[in-house]
Number of protein chains: 2
Amino acid sequence: MRLAVDCMGGDHGPAVTLPACQSFLRKHPDAELLLVGTEQALAAVRGWERCTPVVATEVVTMDDPVEVALRRKKDSSMRVAISLLKAAEGQSARADACVSAGNTGALMAVARYVLKTLQGIDRPAIATVMPNRRDGFTTMLDLGANVDCTAEHLLQFAVMGSALVSAVEGKEEPTVGLLNIGEEAIKGSDTIKRAAELLRAAAAAGQLNFHGNVEGNDVFKGTTDIVVCDGFVGNVLLKASEGLASMMADFIRQEFTRNVFTRLAALAALPVLNRFKARVDPRRYNGGALLGLRGLVFKSHGSADAFAFENALARAYDAARNRLLDRVHDRILGTLQAAAPGPVVHAA
Amino acid sequence: MRLAVDCMGGDHGPAVTLPACQSFLRKHPDAELLLVGTEQALAAVRGWERCTPVVATEVVTMDDPVEVALRRKKDSSMRVAISLLKAAEGQSARADACVSAGNTGALMAVARYVLKTLQGIDRPAIATVMPNRRDGFTTMLDLGANVDCTAEHLLQFAVMGSALVSAVEGKEEPTVGLLNIGEEAIKGSDTIKRAAELLRAAAAAGQLNFHGNVEGNDVFKGTTDIVVCDGFVGNVLLKASEGLASMMADFIRQEFTRNVFTRLAALAALPVLNRFKARVDPRRYNGGALLGLRGLVFKSHGSADAFAFENALARAYDAARNRLLDRVHDRILGTLQAAAPGPVVHAA
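Every chain is numbered independently, its residues counted from 1 as its sequence is written. Here the convention is simple: chains get letters from A, ligands get numbers from 1, in the order in which they are written. Reporting in this predicted model follows two pLDDT cut-offs: at least 70 for local features of residues, and 80 or more for side-chain atom pairs to be given and counted; totals over whole chains, interfaces and linings ignore these cut-offs and use all residues. Heavy atoms from the whole structure form the basis of all side-chain values; hydrogens and water molecules are not counted.

You'll find chain A entered in an unreviewed UniProt entry as Phosphate acyltransferase, with Azohydromonas lata given as the organism. UniProt positions are given in the numbering used here, feature names are shortened, and annotations may be inferred rather than shown by experiment. The heading Subunit (unreviewed entry) in the UniProt record of chain A holds the text "Homodimer. Probably interacts with PlsY." You can read under Subcellular location (unreviewed entry) in the UniProt record for chain A the words "Cytoplasm".

This is the structure we're talking about:
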């Protein structure tokens, strides 16, 4: 397994990505890395085992507009890393998956331009996992790649999400929930209603395991393995959750540092609090998958530290090892055939 | 100030609403209550001071479809309570605000049918508050009354929300944020972009204090006093937040009850943990406002206990005392005039 790493991406660049790569290599003895970055940044990796430095002359910054990443910086570490997924089979510089902490908009646009989407996929989606009460993870998509989604897009997200979970978590028939609202007055928009019909049909055809509608709280209940929604709702839910979790963590900290007595209590409670902290630590589930492309691209949080970035590398590694790309492709084709019987031209 | 209370609504009905009313009356010596319920339920309130029992023969259950509440149960406690807002000025059975824990869909439909919307309002919205890092509250709307919203609707929500916050929290020019997503690739749908234009125009005309776009995490940062979004997104955000908060609370509980040592730690930390719990206790901010109607209707969480329901009563009381209805009406008219100069027919 060979991963291409955009070493320059993220708020901290090589200072975070390189140590993460070292630690990742120690834990994955059969993994190889293609480290993409500037000459200067890669000077540090000379002589690293199972690492091949790949020099890029440009860097996409966190606030570079999409157009700049796409049209101007054609030799950016981001773009070069993604391009390594396209190298011919067996070629030494060919990567099985790519990881970047660069800005999401640019990453999605460049990946889409360089790799193109899989046959049967109109739009790629971003998927990530959130912790749930069952001490498992709920996979959510889309998280911001698509603002307005049709019912067909939501169906495609469900299929891609199912492929992701079955590949990475080994659940053959993961359950899919369609994010909706519960109020009697307004059981969802027409798009949601149509999406539910399409999902039921796909389930009837044995293409996926559709649970039905779910609500916001079901994400954390772990009602279904996968929750499907449009990119606007998904992005709002993700960011609101991050905001609420960090607010609650802060409140706990504030209460425990209020005075000498609470500080003593904190001392007594420290091991417990640390276990709690570890349990909801977002760094543990860093690494979103860009699904629907002809190549495996994983997006790390821009503010990721070495521990978080290493987790993104691990997720990409697992996905590649479990042939996520083929699985998404196969499932999509299966669903297309079920939806519209007849010959289907296979993707190149 | 006189409140009409639907004593039968919610998961627990009179068992919760009546004790809440008693406690509310003790704390609000100038308040009067019109207690609406079945003969049997109201038997308990005979002789209560500042309380007038109003008998209704039917009850809208939590899972009654809207049609049933609207067309069949015409003498439901919910409908009777709302109708008391329409009684003629000065009449002894006239209420200044109404509170129900009944099912939201039915409540909105009945309130809309009985009261009608204010002039200039196409659709009523549901607003509630969420705690934020500034130890204040962020007011959000819509929370589920409208799935698909136009830019004009979002503007109306902003105006109504501003009226609510200025009335209840006494902030004359509360800041308004438009909920959007941050990814470069997709700065919101066309509706959101148009809404932003309308909000900027209204701000330029001095009708409201528009901050600009905000993201999901800004709700808990307290970046703005008010966050405006469509009912689908708002409902998902609200329920996801409830789900995440209760999951985190559960995780803390689990960690502190793991073994005898953690239980001892819990003992030491108990006062701190309780202060934290109180700080994020959703019961403290129970009570959503149905805005845009020709009457003040407040919705309590269906699962509210007496403490939570009393807070909903208090919110309704504050709103009525601060003439929320007139303020919403005046602001809406002002905005309409600013948007379309010329004579405006005043609402009856």
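Engineer: Hey, could you run me through the overall build of chain A in this one?
Structural biologist: Along its length, chain A carries 12 helices and 11 strands. Just to be clear, the radius of gyration here is over C-alpha atoms, and the globule rule we use is 2.2 Å times residues to the power 0.38. Relative to the 2.2 N^0.38 estimate, which gives 20 Å for 348 residues, the radius of gyration of chain A is 21 Å and therefore close to what a compact globule would have. Projected onto its principal axes, the C-alpha positions of chain A cover 60 × 55 × 35 Å. Within chain A, buried positions represent 60% of all 348 residues. In this analysis, two residues are considered to be in contact whenever any of their non-hydrogen atoms come within 4.5 Å of each other. In chain A, of all internal contacts separated by at least 6 residues, the share reaching a separation of at least 24 is 69%. All accessibility values rest on the Shrake-Rupley procedure with a 1.4 Å probe; residue burial counts only the protein chains present in the view. Accessible surface for chain A amounts to roughly 13,700 Å². Of this, 53% is attributable to carbon and sulfur atoms. None of His or the chain ends enter the tally, which takes Lys and Arg as positive and Asp and Glu as negative. Lys charges are placed at NZ, Arg charges at CZ, Asp charges at CG and Glu charges at CD. Side-chain charges in chain A split into 39 positive and 38 negative, and the spacing between the mean points of these groups amounts to 2 Å. Only DSSP runs of H or I reaching four residues or more are called helices, and only runs of E reaching two or more are called strands; each is numbered from the N terminus. Buried residues are those whose accessible area, probed at 1.4 Å on protein chains only, stays under 20% of the maximum for their type, while exposed residues exceed 50% and partly exposed ones sit between those limits.

Engineer: I keep staring at the domain arrangement of chain A and nothing clicks. Help me out?
Structural biologist: How big an interface is tends to be stated in terms of accessible area lost as the parts join. All names here are of chain A. Segment limits for the domains were obtained from an automatic or database-derived domain assignment. As assigned here, chain A comprises domain 1 (1-124 + 292-323) and domain 2 (129-284). Across the contact, 15 residues belong to domain 1 and 15 residues belong to domain 2. The term buried area denotes the loss of accessible surface (1.4 Å probe radius) that occurs when two parts are joined, taken as the sum for both partners. For the pair domain 1 and domain 2, the summed buried area comes to about 1,400 Å², and 53% of that belongs to carbon and sulfur atoms. Its largest share of buried area at the contact with domain 2, domain 1 owes to Arg123, Phe307 and Arg315, together 39% of the area lost on that side. Salt bridges, as used here, are contacts in which a Lys or Arg side-chain nitrogen is within 4 Å of a carboxyl oxygen on Asp or Glu. The interface formed by domain 1 and domain 2 includes 1 salt bridge. For this analysis, a polar contact is any N or O atom pair within 3.5 Å, provided that within protein one partner can donate a hydrogen and the other can accept it, and provided that sequence-adjacent residues contribute only side-chain to side-chain pairs. Remark: the boundary between domain 1 and domain 2 carries 7 residue pairs in polar contact (both at pLDDT 80 or more). Considering every element that reaches the side of domain 1 that touches domain 2, the biggest residue donor is helix 11 (residues 306-321), with 5 residues. Ten residues, namely Ala, Val, Leu, Ile, Met, Phe, Trp, Tyr, Cys and Pro, are considered nonpolar, four, namely Asp, Glu, Lys and Arg, are considered charged, and the remaining ones, Gly among them, are considered polar. Looking at the side of domain 1 that touches domain 2 residue by residue, the class counts come to 6 nonpolar, 5 polar and 4 charged.

Engineer: When you look at the pattern of salt bridges in this model, what are you seeing that I'm missing?
Structural biologist: Pairs may arise between side chains of opposite charge once their charged atoms sit close together. According to the stated counting rule, one finds 41 salt bridges over all chains in the structure shown. Among the charged side chains, a salt-bridge network with shared partners connects Asp135(A), Arg275(A), Arg279(A), Glu255(B) and Arg258(B).

Engineer: It is not clear to me how the pairing of strand 5 (residues 125-131) of chain B should be interpreted in this structure. Could you clarify?
Structural biologist: Each regular strand displays side chains that alternate between the two surfaces of the sheet. All names here are of chain B. Where burial is concerned, most of strand 5 is hidden: 7 out of the 7 residues are buried. Burial of the side chains of strand 5 extends over both faces: Ala125, Ala127, Val129 and Pro131 are buried on one face and Ile126, Thr128 and Met130 on the other. Being paired, for any two strands, means DSSP has found at least two bridges between them. Alignment of strand 5 against strand 10 (residues 288-291), held across 3 bridges, turns out to be antiparallel. By the bridge assignment for strand 10, Ala125 is matched with Leu291. Bridge count between strand 5 and strand 6 (residues 137-141): 5 bridges; the pairing is antiparallel.

Engineer: Got a minute to help me understand the pairing of strand 1 (residues 2-6) of chain A in this structure?
Structural biologist: All names here are of chain A. Burial within strand 1 is extensive, with 5 of its 5 residues counted as buried. Along strand 1, one buried face is formed by Arg2, Ala4 and Asp6 and the opposite face, lined by Leu3 and Val5, is buried too. Pairing between strand 1 and strand 2 (residues 32-37): 5 bridges, direction parallel. Bridged to Ala4 within strand 2 is Leu34. In terms of handedness, the path from strand 1 via helix 1 (residues 14-27) over to strand 2 forms a crossover that is right-handed. Bridge analysis of strand 1 against strand 4 (residues 97-100) gives 4 bridges, and the strand direction is parallel. Across the sheet, residue Asp6 finds its bridge partner in strand 4, namely Ser100. For crossovers, right-handed means that the path from the first strand over the helix to the second runs clockwise, given strands pointing away from the viewer.

Engineer: What is the right way to read the interface of chain A and chain B from this model?
Structural biologist: If you look at the interface, chain A gives 60 residues, while chain B gives 61 residues. Here chain A meets chain B over a buried area of about 5,500 Å², counting both sides, of which 72% is carbon and sulfur. There are 8 salt bridges connecting chain A and chain B. In this structure, the salt-bridge partner of Asp250(B) is Arg133(A), at a minimum N-O distance of 2.6 Å. At the boundary of chain A and chain B, one finds 12 residue pairs in polar contact (both at pLDDT 80 or more). At the level of elements, helix 5 (104-115), helix 9 (231-256) and helix 10 (260-279) of chain A are the ones that each hand at least two residues to the side of chain A that touches chain B. Here the element with the most residues in the side of chain A that touches chain B is helix 9 of chain A; it accounts for 21 residues. Per-class residue counts for the side of chain A that touches chain B are 30 nonpolar, 17 polar and 13 charged.

Engineer: I'm lost on helix 10 (residues 260-279) of chain B in this one. Help?
Structural biologist: Since one α-helical turn is 3.6 residues long, residues separated by three or four positions face the same way. Expected helix span is taken as 1.5 Å per residue step, with the number of steps being one fewer than the number of residues. When the terminal C-alpha atoms of helix 10 of chain B are compared, their 27 Å separation across 20 residues agrees well with the 28 Å that a helix rising 1.5 Å per residue should span. Along helix 10 of chain B, the largest kink reaches about 65 degrees and is centred on Ala269(B); proline Pro271(B) follows within four residues of it. Among all positions of helix 10 of chain B, only Thr262(B), Ala265(B), Ala266(B), Ala269(B), Val272(B), Leu273(B), Phe276(B) and Arg279(B) are buried. Looking at the buried side of helix 10 of chain B, the elements it contacts are helix 9 and helix 10 of chain A together with helix 9 (231-256) of chain B. Residue Asn259(B) occupies the N-cap position of helix 10 of chain B, its side-chain oxygen lying 2.8 Å from the main-chain nitrogen of Phe261(B). Consider a residue and the seven residues that end there alongside the seven that start there; fitting an axis to each set, the bend is the angle between those axes.

Engineer: In this structure, what is going on with helix 11 (residues 306-321) of chain B? I would like to understand it.
Structural biologist: Residue and element names in this part refer to chain B. The first and last C-alpha atoms of helix 11 sit 22 Å apart over 16 residues, in line with the 22 Å expected at 1.5 Å per residue. Burial analysis of helix 11 places 12 of its 16 residues in the buried class, which makes it a mostly covered element. For helix 11, the full list of buried residues reads Ala308, Phe309, Glu310, Asn311, Ala312, Leu313, Ala314, Arg315, Ala316, Tyr317, Ala319 and Ala320. The residue sitting at the N-terminus of helix 11 and contributing the capping side-chain oxygen is Asp305; that oxygen lies 3.2 Å from the backbone nitrogen of Phe307.

Engineer: In this structure, what is going on with the packing of aromatic side chains? I would like to understand it.
Structural biologist: Centre distance and the angle of the planes are the two values used to describe a pair of aromatic rings. Residues and elements named next belong to chain A. When the centres of two rings from Phe, Tyr and Trp lie within 6.5 Å, Trp using its six-membered ring, the rings pair. Their planes under 30 degrees apart give stacked, over 60 give edge-to-face, and anything left gives tilted. Scanning the entire structure with this criterion turns up 4 aromatic pairs over all chains. Plain terms: the ring middles of Phe137 and Tyr285 are 5.8 Å apart, the flat faces sit at 55 degrees to each other, and that makes the pair tilted. Separated by 148 residues along the polypeptide, Phe137 in strand 6 (residues 137-141) and Tyr285 in the loop between helix 10 and strand 10 (288-291) bring together distant segments of the chain. The exposure class assigned to Phe137 is partly exposed, which follows from its relative accessible area of 26%. One residue, Lys116, lies across the ring of Tyr113, its end atom 4.8 Å from the ring centre. Think of it as a cone above the ring: NZ of Lys or CZ of Arg counts as a charge over the ring if it is within 6 Å of the ring centre and within 35 degrees of the ring normal.

Engineer: When you look at the environment of Pro19(B) in this model, what are you seeing that I'm missing?
Structural biologist: Residue and element names in this part refer to chain B. Along the chain, the position of Pro19 falls in helix 1 (residues 14-27). Distance from Pro19 to Ala306, taken between C-alpha atoms, is 6.2 Å for residues 287 residues apart in sequence. When near neighbours in sequence (up to four residues on either side) are disregarded, Pro19 contacts Pro14 and Ala306.

Engineer: How should I be thinking about unusual backbone geometry in this particular structure?
Structural biologist: Of all residues except glycine, most have a negative phi; of all peptide bonds, most are trans. All names here are of chain A. Here the bond from Leu141 into Asp142 is cis, since omega is 0 degrees, no more than 30 degrees from zero. A positive phi angle, close to 55 degrees, is found at Arg50, a residue other than glycine. Structurally, the position occupied by Arg50 is in the loop between helix 2 (39-42) and strand 3 (51-55). In the Ramachandran plot, Lys116 falls in the positive-phi region, its phi being about 70 degrees despite a non-glycine side chain.

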